[in-house]
Amino acid sequence: MRIRQKLLLVLLFTGIVPIVGVGILTFRRTAEALRNDALSKLEVVTDLKVKRLELFFSSVGADLQIGQDYYNLKTAMPVLVAFAQDRTQSEYLATVAALNRQLQTFARMKGYMDVVLADPHGRIVYRSAKGRSRLDLDHFLQEVDPEGFARAQRDVYIAQIFLDKTAGNSFFMLATAP
């Protein structure tokens, strides 16, 4: 091998190989730093989402507890239960109209899809929303969530998310209270 080729090889190994090595090391460290930065940003977003969900569920529980004290609900429930088999009576229709004015506005303002009232046995006697659902009148809450109905006899209970195949495969969440 000639001297010129030897010098070229020495130059390559002493100059270019270390530069490539430093470049690879810098790339790996930069990639790790960017990954860690992205993960920390995702953790911040996750924490914010968790707080929003906790606030939402807390708000739902508070809404249920406040709703239990509504005068309209307390006076309407006996009428809804009494006329559950004959929903053509004028007293029943007037009660439903009064509940619709209050509860449809409440649901719209809170972003709820529906407000459902059930008798002490879990039979649905009122819905604020129109259309078909697993929560139609005369269905029982136990059909949708047996554990939820039992737990709701004691305290506010927010159930899991359910798929409603009767309403176009939409999802719903059931929140119940005694």
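Residues numbered from 1 in each chain as written. Predicted model: local features only at pLDDT ≥ 70, side-chain atom pairs only at ≥ 80, totals over all residues. Heavy atoms only, no water.

So, the side chain of serine 128
- Position of serine 128 relative to the elements: it lies in the loop between strand E2 (124-127) and helix H4 (141-144).
- From its side chain, serine 128 meets the backbone nitrogen of valine 115 in a polar contact 2.9 Å long.
- With near-sequence residues (within four places) excluded, serine 128 lies in contact with Asn100, Leu103, Gln104, Ala107, Asp114 and Val115. (Helix = DSSP H or I, 4+ residues; strand = E, 2+ residues; numbered from the N terminus. Polar contact = N/O pair within 3.5 Å; in protein donor to acceptor, adjacent residues only side chain to side chain. Contact = heavy atoms within 4.5 Å.)

Focus: a nonpolar patch on the surface
- On the surface, a cluster of nonpolar side chains totalling about 970 Å² of accessible area is made up of Met1, Leu8, Leu9, Leu11, Leu12, Phe13, Ile16, Val17, Val20 and Ile24.
- Relative to the helices and strands, leucine 11 resides in helix H1 (residues 3-67).
- Judged by its relative accessible area of 55%, leucine 11 falls in the exposed class. (Patch = residues over 30% accessible without salt bridge, like charges linked within 9 Å, V, L, I, M, F, W, Y side chains within 5 Å. Areas by Shrake-Rupley, 256 points an atom, 1.4 Å probe, with all protein chains shown as cover. Salt bridge = Lys/Arg side-chain N within 4 Å of Asp/Glu carboxyl O. Buried < 20%, exposed > 50% of the residue type's maximum accessible area, 1.4 Å probe, protein only.)

A short note on the pattern of salt bridges
- What the rule picks out here adds up to 3 salt bridges.
- For the salt bridge of aspartate 119 with arginine 123, the shortest nitrogen-to-oxygen distance reads 3.1 Å.
- Overall, the relative accessible area of 14% leaves arginine 123 in the buried class.

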